[in-house]
Amino acid sequence: MHPVTSSSTASAPNAPVTPAARSARAARTAEESAAANTRDLAARSRADGWDEGPVVIALEVGGARIRGLAMAADGTRLHSGHRRTPVGHGPDAVMETVLEYAADLARRYTPVAAGIAVPGLVEEAAGTAVFAAHLGWRRVPVRRWLTEELGIPVAFAHDVRAGGFAEARLGAGRRSRSFLFVPIGTGIGASMVHDGRPRAYTDARTGELGHVVVRPGGDPCPCGGQGCLETVASAAAIARRYRLLSGETRITVREIQHRAEAGDPAAARVWHEAVEALADGLSPMIDLLDPEHVIIGGALSHAGKTYCDSLHGALATRLTGRRPPRIVPSRFGRRAGAIGAALLAQRLRPAERAPRGAGTHRLPAGGTPSVTGAFT
Ligand SMILES: [Zn+2]
C-alpha cells in the first residue's frame, strides 16, 4: 500500500503543480526533441494547405516509461516519445505526469480524441485502473480525469488488450484469424485476439498471465505470490536472476541473450529456465484457446528467431496431439499499447466537451483492490 503524500490538485495545463511534476517535465527525452522535426514538417504541411486529417493522441503508462503518441487520421505518427514514470515520487506524481504529458500533446496537436492504456487490473467499461502495483495506483478514475483535463473524448483500455488490437489491425497479427499476444517486459500479459478483436474480459484480472504460478514455492512476486511466471520469464526476471548468478550489476537482457548463445553457462541457464517457464505458462492456454499464432511483444519482441524457435521447441514437448502455433515477434514492440490506444481513440466520435480541469486529480489514500469491478 502506498500512502499518498502529495498535496497536488488539478493540473493546470501550463503550470507544473508539484516538484515531482516539474522534475518530470524536465525529464523530457531526446527522443521527444527529435520528434520536433516531425512536428515542424506537419506544421509546414498545414501551412501549405495540406491537412493530414483529425489527429488523436495516446499514452501508454508503463512502470518505467510513459509513452506518448500523436497520430494523424492516415496513421502517420506526428509524435512518438516518452517520459520517465516517476514511480519513486509516488502515485500522485505518476498521474500528474500523465496529465501533463497529455496536456502538452493536446496543446501541440489539437486532437479530436485521446486514448490511454494502463497496466494491471482495470475496469475498461468504467475507465478505472483498479490496481497497478508498479505505479501504486488503486481505483484511479483515469478516463474521467483525463477527459476533464483535455476536454475531449478519451478511450481507455488495458495495455495488453490495446497492444493486441494494434497488432491485429496493423501489425504481426494482421493476417491471423486468432492469436495470443504476449508482451514480456517488467511483467507478462496475454490477450487473445479473434477476428481482429481482443477477447472481452469477464473480470479485471484476465490477461495477467505473469501471475500464473509455474514454480510453486519459488521467488516472491510483487503480487504477494511465489513462483509466478514473471518471477522467472519476464525480461526483468532474466536480468535479476543473471545478476544474482554472475555478480554483475549492470547488464541488459540483450547482452545476457548474446552470452547465452555464446555458451556462458550462467546466462544459458537463466535463459533456458525463462523459456521453459514460459512454455509451462503458455501450454494450457494454447490447449484451451487454440491460437494460430503467439505474438511475443514488449522488450522480448527483440529477442529474435532463436528465442521464438526455443519457445516453439519447448511447447512441442508439452502439447500432446497437436503442433505448437507459430511464434512470431510483435511488429510494434514496446509501443504496441500506445498505438492500440491511438487506434481506439480514432474510433471515438466527438462528443460534448467536458469542462477542463474540473476534477481534483488526487488519488485516494490506499484502499483494497477490487478484482470484481464492483465500483463506479
Ligand atoms: Zn505474481
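Note that the structure is a prediction, hence the values are computed from the model and not measured. (Residues numbered from 1 in each chain as written. Predicted model: local features only at pLDDT ≥ 70, side-chain atom pairs only at ≥ 80, totals over all residues.)

### Quick look at the overall build of the protein
Thinking step 1. Looking only at helices and strands, the protein has 11 helices and 13 strands in total.
Thinking step 2. Sorting the 376 residues of the protein into buried and exposed places 48% on the buried side.
Thinking step 3. Residue pairs in contact within the protein that sit at least 24 positions apart in sequence constitute 68% of those at least 6 positions apart. (Helix = DSSP H or I, 4+ residues; strand = E, 2+ residues; numbered from the N terminus. Buried ≥ 20, exposed ≤ 12 C-beta atoms within 10 Å, placed from the backbone. Contact = placed C-beta atoms within 7 Å.)

### What about helix H7 (residues 235–246)?
Thinking step 1. The end-to-end C-alpha separation of H7 is 16 Å, in line with the 16 Å expected for 12 residues at 1.5 Å each.
Thinking step 2. Its buried side turned inward, H7 meets helix H6 (230–233), helix H8 (253–262) and helix H9 (265–289).
Thinking step 3. Just downstream of H7, Gly247 is the residue with a positive phi angle, here 80°. (Expected span 1.5 Å × (residues − 1).)

### Concerning the nonpolar core
Thinking step 1. Grouped together as the largest cluster of nonpolar side chains are 101 residues, with contacts concentrated most on Ala58, Ala102, Ala114, Ile116 and Ala341.
Thinking step 2. Here this core gets 10 residues from one element, more than from any other, and that element is helix H3 (residues 91–109).
Thinking step 3. If we skip the residues at most four places from it in the chain, Ala114 touches Val56, Ile57, Ala58, Ala102, Leu146, Leu150, Ile152, Val154 and Ala345. (Core = buried A, V, L, I, M, F, W, Y, C linked by C-beta atoms within 7 Å.)

### What about the sheet that holds strand S7 (residues 137–140)?
Thinking step 1. As summarised here, the arrangement of the 3 strands in space is S5-S6-S7, forming an open sheet in which the pairing is antiparallel. Each end of this open sheet is capped by a strand with a single partner; those strands are strand S5 (121–123) and S7. Ignoring strand direction, the axes of neighbouring strands in this sheet form an average angle of 15°.
Thinking step 2. Bridging between S5 and strand S6 (residues 128–132) involves 3 bridges; their strand directions are antiparallel. Its bridge partner lying in S6, Glu123 is registered against Thr128. (Pairing = 2+ DSSP bridges. Axes fitted to C-alpha atoms, helices over the stretch in contact; angles between N-to-C directions.)

### Some points on the sheet that holds strand S12 (residues 293–297)
Thinking step 1. Reading across from one edge, S11-S10-S9-S12-S13 is the order of the 5 strands in this open sheet, with mixed pairing throughout. Each edge of the open sheet is held by one strand with a lone partner, namely strand S11 (197–198) and strand S13 (326–329).
Thinking step 2. Each of S12 and S13 is contacted by helix H10 (residues 304–316), which is oriented at about 155° to S13, the strand it contacts most.

### Regarding the pairing of strand S10 (residues 191–194)
Thinking step 1. Both strand S9 (residues 178–183) and S10 contribute to a ladder of 4 bridges, which runs antiparallel. Residue pairing in the sheet places Leu180 in a bridge with Met192 of S10.
Thinking step 2. Examined bridge by bridge, S10 and S11 share 2 bridges and lie antiparallel to one another. Paired with His194 across the strands is Arg197, a residue of S11.
Thinking step 3. Linking S10 to S11, which pair antiparallel, is a turn of 2 residues; within it Asp195 sits at a positive phi near 50°.

### Re the confidence of the model for the protein
Thinking step 1. Across the protein, the average pLDDT comes to 82, with 77% of residues at 70 or higher.
Thinking step 2. Note that residues 1–50 has pLDDT below 50 and, in this model, 84 contacts with residues that lie over four places away or in other chains.
Thinking step 3. Scored below 50 in pLDDT, residues 364–376 makes 27 contacts in the model with residues more than four places away or belonging to other chains. (pLDDT = per-residue confidence, 0-100.)

### Comments concerning H10
Thinking step 1. Taking 1.5 Å per residue, 13 residues should reach 18 Å; H10 reaches 19 Å between its end C-alpha atoms and fits that length.
Thinking step 2. Buried within H10 are the following residues: Tyr307, Ser310, Leu311, Ala314 and Leu315. Down the axis of H10, the sector holding all buried residues measures 135°, keeping them to one side. Facing away from the buried side of H10 by more than 90 degrees, the exposed set consists of Lys305, Thr306 and Asp309.
Thinking step 3. As for H10, its buried residues are in contact with H9 and S13. (Arc of directions from axis to C-beta.)

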